[in-house]
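Structural description and commentary
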Amino acid sequence: MAETTVASKTVKFIVSRQDTPESKPYTEEFEIPYRPNMNVISGLMEIQRNPVKADGSKTSPVCWESNCLEEVCGACSMVINGKPRQACSALVDQLEQPIRLEPMRTFPVVRDLVINRERMFNALKKVKAWIPIDGTYDLGPGPRMAETKRQWAYELSKCMTCGVCLESCPNVNDRNSFIGPAAISQVRLFNAHPTGEMNKEERLEALMTDGGIEGCGNSQNCVRSCPKGIPLTTSIAAMNRDTTKHLFKKWLTN
């Protein structure tokens, strides 16, 4: 009897579709068989295998992005029931039905649930979010980081550039160039690194340009929505302090 109940149970999805970056969005409804322990990605896979709408008419398969399926790559970010999050960790049993899927519209939509994260990656380039190492040969082990510093730096390194913090931030939109909380937090991470701190002033200078740290309105949506629990507001406060100190230092030395 229990197996029959599960077999007859269905899951309803309302998916926002968009055929091209320029076309208008529209919605389609799907009803698929329920299986225990389903997540949103498995639901989308079922729709991809059998792209038939709830009314029985055929349609094109829904486009979305995913990779690791274990909340590490950040590729499957989308708005699920009004909340930006990872589709791989969104369990159907914990979601209110019908489950509404939309793309994160802070970013340009490529097709359906697929978005263009170029804005986020350009922000990371702007602040030089990497450790520069010269030479094509083995340079040997780098300097060791104190354990107390390593512990909080590791928390910042969990960022998977999923874009959820930018989607939830009211200050990130197409009317300004604010780089968003993720890039600011990465400045704190790389400035704390024994090798990365060689370029500390360059990163602080980048934060002090248009679209930098002054764009933060302290809504704190980012830290509440981050799927990895990264202390983004703590990083923003620390970078506010560092950029202010850097500015005073420039005044005193000029």
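Details of the structure are given in the entry above.
Now for a quick tour of the structure. All values derive from a computational prediction rather than experimental measurement.

1. What to know about the pattern of salt bridges
Opposite charge on two side chains makes pairing possible when the charged atoms of those side chains draw close. This model, assessed by the stated rule, comprises 10 salt bridges. Between Glu202 and Lys128 there is a salt bridge, and its shortest N-O distance comes to 3.7 Å. One end of the pair, Glu202, is in helix α7 (residues 200-207); the other, Lys128, is in the loop between α3 (118-126) and α4 (147-156), and 74 residues separate them in sequence. The salt bridge partner of Glu147 is Arg150, with a shortest N-O separation of 2.8 Å.

2. Considering the state of the cysteines
Counted under the stated rule, the structure contains 0 disulfides. Cys63 forms no disulfide, and the closest cysteine sulfur to it belongs to Cys76, at a distance of 15 Å. For Cys73, which is in no disulfide, the shortest distance to another cysteine sulfur is to Cys68 and amounts to 3.6 Å.

3. Some points on the packing of aromatic side chains
This model, assessed by the stated rule, comprises 1 aromatic pair. Their ring planes at 90° and their centres at 5.3 Å tell us that Phe248 and Trp251 sit as a pair that is edge-to-face. Taken together, the residues Phe248 and Trp251, both in helix α9 (residues 232-253) and 3 residues apart, mark about one turn of the helix. Positioned above the aromatic ring of Tyr34 is the side chain of Lys9, whose terminal nitrogen or guanidinium carbon lies 4.3 Å from the ring centre. The ring of Trp152 has Arg188 sitting right over it, with the charged end atom 4.3 Å from the ring centre.

4. A short note on helix α6 (residues 181-192)
Here α6 contains 12 residues, and its C-alpha end-to-end distance of 17 Å stays within 8% of the 16 Å for a straight helix at 1.5 Å per residue. Within α6, 12 of the 12 residues are buried, which leaves it mostly tucked inside the rest of the structure. Burial in α6 covers these residues: Pro181, Ala182, Ala183, Ile184, Ser185, Gln186, Val187, Arg188, Leu189, Phe190, Asn191 and Ala192. Each element contacted by the buried residues of α6 is listed here: α3, α4, α5 (164-168), α7, α8 (221-225) and α9.

5. Considerations on unusual backbone geometry
With an omega of 0°, the peptide bond between Gln97 and Pro98 qualifies as cis. Notably, Asn37 is not glycine yet its phi reads approximately 65°, a positive angle. As for its position among the elements, Asn37 is in the loop between β2 (26-33) and α2 (40-49). The exposed category is assigned to Asn37, whose relative accessible area is 68%. Look at Asn81: it is not a glycine, yet its phi comes out positive at around 50°. Note that Asn81 resides in the loop between β3 (77-80) and β4 (83-86). According to the relative accessible area criterion, Asn81 is partly exposed, its value standing at 32%.

6. What to know about a nonpolar patch on the surface
Residues Met208, Leu247, Phe248 and Trp251 make up a contiguous nonpolar surface patch of roughly 390 Å² in combined accessible area. As for its placement among the helices and strands, Leu247 is situated in helix α9.

7. Considerations on the pairing of strand β1 (residues 10-17)
Burial runs high along β1: 6 of the 8 residues are buried. As defined by bridge partners, β1 adjoins β2 across 8 bridges and the pair is classed as antiparallel. Paired with Ser16 across the two strands is Thr27, which belongs to β2. Bridge count for β1 against strand β5 (residues 99-102) is 3 bridges, and the pairing is parallel. Residue Val15 lies in a different strand from β5, and its bridge partner there is Leu101.

Cut-offs applied
- Note that residues are indexed from 1 along each chain, following the sequence as it is written.
- Local features are withheld for residues below a pLDDT of 70 in this predicted model, meaning they are given only at 70 or higher, and side-chain atom pairs are given and counted only at 80 or more; totals for whole chains, interfaces and linings count all residues.
- The side-chain figures draw on all heavy atoms in the structure; neither hydrogens nor water molecules are used.
- Definition used for salt bridges: Asp or Glu carboxyl oxygen within 4 Å of a side-chain nitrogen of Lys or Arg.
- Put simply, DSSP marks the helices as runs of H or I at least four residues long and the strands as runs of E at least two long, and each gets a number from the N terminus on.
- Two cysteine sulfur atoms make up a disulfide if the distance between them is within 2.5 Å.
- Only Phe, Tyr and Trp rings take part, Trp by its six-membered ring, and two of them pair if their centres are within 6.5 Å. Stacked means planes under 30 degrees apart, edge-to-face means over 60, and tilted covers everything else.
- Criterion for a charge above a ring: Arg CZ or Lys NZ at most 6 Å from the ring centre, at most 35 degrees from the ring normal.
- Expected span of a helix, by definition, is 1.5 Å for each gap between consecutive residues, and there is one gap fewer than residues.
- Note on exposure labels: buried denotes an accessible area under 20% of the residue type's maximum, exposed denotes more than 50%, and partly exposed covers the range between, all computed with a 1.4 Å probe on protein chains only.
- A contact between two residues is defined here by any heavy atoms of the two lying within 4.5 Å.
- Within this analysis, patches are made of residues with over 30% relative accessible area and no salt bridge. Like charges are joined at 9 Å or less; nonpolar side chains (Val, Leu, Ile, Met, Phe, Trp, Tyr) at 5 Å or less.
- Here, Shrake-Rupley sampling with a 1.4 Å probe gives the accessible areas, and only protein chains in the shown set may cover a residue.
- For two strands to be treated as a pair, DSSP must find at least two bridges joining them.

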